[in-house]
Each structure stands twice: as structure tokens, then as C-alpha cells.
Amino acid sequence: MAKSTDDTKQKKVIKIIRWLLLAAAASLVCFAAFRVMWKRGYFLPGWIKWEEKSEEHSFTVSSDPRMPVRSRSASMTLPAPKEGEEAEKITETVAVELDNKKLTVTRPDGELLWESDEGWLVSDYLIGDIDHDDEDELTLLVWKVGSYGEYKPIWVEEDEKKWSEHIFIYDYDVREDTRIFPLWMSSKMGIEARYISLDNEEKLHITIPEGKEAIWVWENWGLTLQE
């Protein structure tokens, strides 16, 4: 009789252990699924408009000696213009595509020149002369984890571990093998931007979810709120 009771207790213990193991496994699966969904932005605000678009665009660089080459390995060089002559220009046409929250820039033959970082979710982009240097830049509206990038202010010990919205602006230099270089990378914007656009004066219009617009202009180095 005692043996039968012990066997019953042992079976109950084994059953409980099995249920605990199943519960633990289910919790791990749920946690892993949550992390994947979180990293893919499933819990970001519903007002975000995730654009899907593509276009071909011709970027141009000038031989004006005031326009510096960013590295010593420039793949193309141009002679400086003589007095009274206009600067010579090089133009390159590429395909720019925003698909599934990722931005890519490719040559006409399909060779990938640049793509947005793996941890970024790009909601929109635009191309235009935002810094008024007579050459077009690539401007991205990006969601990423953390307020800063590789570098942060000295008074910030640790970056935030939550999503925030940013504007990133890139130069396109046809002379360089790398082609695309960061010009201005904002920290956390502090405002909600649903759309971005450039007007005919190359001023940046930021539209918030309620439909109101704010106009930002390039001054010296960076964007400044105009109105």
C-alpha cells in the first residue's frame, strides 16, 4: 500500500515538473517572439506612415576646388576650373528604393552601393539640395533604438534602450568609392514626424500626425526650426 502511495506521489511530481518545463519553454518562446516583434517595430505608434517607393536619381558633383574630396582613395578626379570657366561636373544615375522599412541605393546594373543599417526602420526619404550647396543630398526619416549613434554627449553615460525618431542627411559624392557619407545625424527629434517634404526653396516641411506642419531650414550646420 505504501509503495503504491509513493508511486502516485512520484507520478504527480513528475507531472508537475513536466508542466513547469512546458511553461518555462512557452515563456521563452513568447519572450523570443516579443523581442523579434519589438526589434521589427511592431509596437511603434500606429500613426507612422511606412512609405514604399523607388526612383532613379542623378547625383552630381562639381570640380570646384572648394568641394573637398573626403578620402585619398577618390575613384574620380576633376581638374579645377580655370578663371572665368564653370566647374566641370560628374553625374551618376542610381536607383533609390525604400522597401519593407529598408533603404537601398544601387547602380543601374544592380550593384548595391549603400543600404540603411540593420537596426533602423526607415519610414520615408527624400532627395534634394537641403543644405543649398547646389548638390543633392539624401534625407531619411528613421526609427531606431537609442537617442544617439556611435557617439553621444559626454554627460550621457548610457543611451536609452527605447525607440525614437531621427532625421539623417547624407551627401552623395560621385568621386568616392563609398559614395554616400553622413552629413548630419540628428539625435532623438522630440517631435512626431509623419511626413517629410521639400518645398521649391529646399526647406524641409515636417508634418506631425495631427496634420500641422513645421518648417525647418539648413543653417550653418544642421536644421533649425523656422516656424
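I will try to describe carefully the structure that is included in this document. (Residues numbered from 1 in each chain as written. Predicted model: local features only at pLDDT ≥ 70, side-chain atom pairs only at ≥ 80, totals over all residues. Heavy atoms only, no water.)

## What to know about the pattern of salt bridges
Applicable threshold: A pairing counts as a salt bridge when a side-chain nitrogen of Lys or Arg comes within 4 Å of a carboxyl oxygen of Asp or Glu. Helix and strand assignments follow DSSP, with helices taken as H or I runs no shorter than four residues and strands as E runs no shorter than two, numbered in order from the N terminus. Only protein chains enter the area calculation, which uses a 1.4 Å probe; residues under 20% of their type maximum are buried, those over 50% are exposed, and those in between are partly exposed.
As enumerated under the stated definition, the model contains 7 salt bridges in all. The partner of R179 in a salt bridge is E92, with the nearest N and O atoms 2.7 Å apart. On the criterion of sequence distance, the pair formed by R179 in the loop between β7 (163-172) and β8 (180-185) and E92 in strand β2 (residues 89-99) is long-range, its members being 87 residues apart. When its relative accessible area of 3% is taken as the criterion, R179 is described as buried. Between K102 and E118 there is a salt bridge, and its shortest N-O distance comes to 4.0 Å. Placement of the pair is K102 in strand β3 (residues 102-106) and E118 in the loop between β4 (112-115) and β5 (121-128), with a sequence separation of 16 residues. Residue classification places K102 among the partly exposed residues on the basis of a relative accessible area of 24%.

## Comments concerning the pairing of strand β6 (residues 137-145)
The condition that has to hold: One requirement defines pairing of two strands: DSSP has to find at least two bridges between them.
Of all the 9 residues making up β6, 8 are buried; the element is thus mostly covered by neighbouring parts of the structure. Pairing between β5 and β6: 7 bridges, direction antiparallel. Across the sheet, Y125 pairs through a bridge with L140, a residue of β6. Relative to β7, β6 runs antiparallel, the two sharing 9 bridges. If you follow K144 over to β7, its bridge partner there is S164.

## Digging into unusual backbone geometry
Of note in this structure, K101 is not a glycine but carries a positive phi near 70°. For K101, a relative accessible area of 22% gives the class partly exposed. Despite not being glycine, R179 shows a phi value in the positive range, around 75°.

## Structural notes on the sheet that holds strand β1 (residues 53-62)
Two orientations exist for strands paired in a sheet by backbone hydrogen bonds: parallel and antiparallel. The condition is simple: Lines are fitted to the C-alpha atoms to define the axes, a helix being fitted only along its stretch in contact, and any angle between axes, read from their N-to-C directions, falls within 0 to 180 degrees.
If you trace the 4 strands from one edge of the open sheet to the other, you get β1-β2-β3-β4, paired in antiparallel fashion. Each edge of the sheet is formed by a strand with only one pairing partner; in this case those strands are β1 and β4. Between one strand axis and the next, the sheet turns through 25° on average, direction left out of account. In this structure, β2 lies alongside β3, joined through 5 bridges in antiparallel fashion. What sits directly across from V96, in β3, is V105.

## Description of the packing of aromatic side chains
How we decide: Between the rings of Phe, Tyr and Trp (Trp by its six-membered ring), a pair exists once the centres lie within 6.5 Å; its type follows the angle of the planes, with under 30 degrees stacked, over 60 edge-to-face, and the other angles tilted.
Evaluation of the coordinates by the stated rule reveals 5 aromatic pairs. Between W47 and W143, the aromatic rings sit 6.1 Å apart at their centres with planes inclined by 55°, giving tilted as the arrangement. Of this pair, W47 sits in the loop between α1 (2-39) and β1 while W143 sits in strand β6, and the two are 96 residues apart along the sequence. Considered together, W47 and W143 belong to a single accessibility category, that of buried residues.

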